[in-house]
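Chain by chain, the residues run as shown.
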Amino acid sequence: MAGRFDLQGRHGKSRVRVSRVWRRPADAGGHLFVEWSVAVSVVSDCLPSYTSDDNSAIVATDSIKNTVYVKAKECTEVVSMEEFAVILGRHFTSLYPQVSEATVTIVERPWERVAVDGKPHSHGFKLGSEKHTTEVTVKKSGSLLINSGIQGYSLLKTTQSGFEGFVRDRYTLLPETRERIVATEVTAWWRYPFEHISQLPSKPFCFTQRYQDVKKVLADTFFGPPEVGVYSPSVQNTLYLMAREVLTRFPDIASVQLRMPNLHFLPVNLSGKENPGLVKFADDVYMPTDEPHGTIEATLSRANSKL
Ligand SMILES: O=c1[nH]c(=O)c2[nH]c(=O)[nH]c2[nH]1
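Calculation rules
- Residues numbered from 1 in each chain as written.
- Predicted model: local features only at pLDDT ≥ 70, side-chain atom pairs only at ≥ 80, totals over all residues.
- Heavy atoms only, no water.
- Near = heavy atom within 4 Å.
- Polar contact = N/O pair within 3.5 Å; in protein donor to acceptor, adjacent residues only side chain to side chain.
- Areas by Shrake-Rupley, 256 points an atom, 1.4 Å probe, with all protein chains shown as cover.
- Nonpolar A, V, L, I, M, F, W, Y, C, P; charged D, E, K, R; others polar.
- Helix = DSSP H or I, 4+ residues; strand = E, 2+ residues; numbered from the N terminus.
- Contact = heavy atoms within 4.5 Å.
- UniProt positions renumbered as here; feature names shortened; annotations may be inferred.
- Buried < 20%, exposed > 50% of the residue type's maximum accessible area, 1.4 Å probe, protein only.

Draft legend 1. Expanded view of the site of the ligand. Near the ligand the following residues occur: Phe 163, Leu 174, Arg 180, Ser 234, Val 235, Gln 236 and Asn 262. Measuring from a nitrogen atom of the ligand, one finds a side-chain N or O atom of Gln 236 at 2.8 Å. In isolation the ligand has 290 Å² of accessible area, and contact with the protein removes 73% of it. Residues that form the shell around the ligand fall into these classes: 3 nonpolar, 3 polar and 1 charged.

This is how it looks when you write it as structure tokens:
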């Protein structure tokens, strides 16, 4: 309490950019490289710094930033983003009596190993598109919350999508169709079931593998088999099937949230007095748009899981 008001604060550093190389010999798979943008936010008992000039309890955000580099240096063995976030969270909550909770968010820049003449390069990387993200909250008690996700996962298919049977009233212009392009940029978050430091799996790198696995399941479900695909009656249904497949395949994921904007490709029909029927749409020429776009999102959890 601060006088008559209830005051709650938190502080930290955002967009701390750090890269780390782990130099393995070429015959052991070559160098590993990551680039992370780290945000740390601590809940800390330093109320006098808000209500007076007493900064004696503040862990400076500059020190928080420095700690990210110190911990990266100390990780001489490969760590996943999730593990690194846990390391940071534990550090702040255990070293400082006044810090009761730390939330660490990391977004990875998607550097991918290149292949030259079909052979993985030992130390060459190129930038990919979709991004692995994580948000980890650690409390002093050791209780944990680990969410991981994907950002900017752009997927499109040119057929096997339609939209029919929706509300038709005086506001409706959209024709029903069984043939359209469907495109989206998936944002996914999923929660791991580990609720205490002591429950963390010991095998290194499992979080990174799980990210790759989830990404593949999401895309495979969106697209269907390579030759024939799978018909999508709505973004809603496809989103649900994608989320359901993630929970079905991975018992170590407790819930999954998907956000899938419906990025419209509008049929092009051009016609004028001089040029009637200049372009008549025949499922061939579209106008890509990203504004406005539909917004479809849902969270799927295990019935017995507490959130
Ligand atoms: O898959 C879709 N879901 C909608 O809710 C919707 N609304 C719309 O105009 N087109 C679509 N498509």
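Draft legend 2. Fine view of the environment of Phe 207. Relative to the helices and strands, Phe 207 is located in helix α4 (residues 206-223). When the C-alpha positions of Phe 207 and Thr 134 are compared, they lie 10.0 Å apart, and in sequence the two are 73 residues distant. Contacts of Phe 207, omitting those with residues within four sequence positions, involve Ser 80, Glu 82, Glu 83, His 132, Ile 146, Tyr 192, Phe 194, Leu 200 and Pro 201.

Draft legend 3. Fine view of the UniProt feature "binding site: urate" (unreviewed entry) in the chain. Sequence positions flagged by UniProt for "binding site: urate" (unreviewed entry) are, in local numbering, Thr 61, Asp 62, Phe 163, Arg 180, Val 235, Gln 236 and Asn 262. These annotated residues cover 202 residues of sequence, and their C-alpha atoms reach 52.2 Å apart at the extreme, placing them across more than a single site. A relative accessible area of 15% means that Arg 180 is categorised as buried. Other than its neighbours up to four places away in sequence, Arg 180 contacts Lys 157, Thr 158, Thr 159, Ser 161, Gly 162, Phe 163, Ser 234, Val 235 and Asn 262. Here Ser 161 takes part through its side chain, which lies 2.9 Å from a polar atom of the side chain of Arg 180. Relative to the elements of secondary structure, Asn 262 occurs in strand β9 (residues 255-262). Beyond its immediate sequence surroundings of up to four residues, Asn 262 is in contact with Arg 180, Val 182, Ala 183, Val 235, His 293 and Gly 294.

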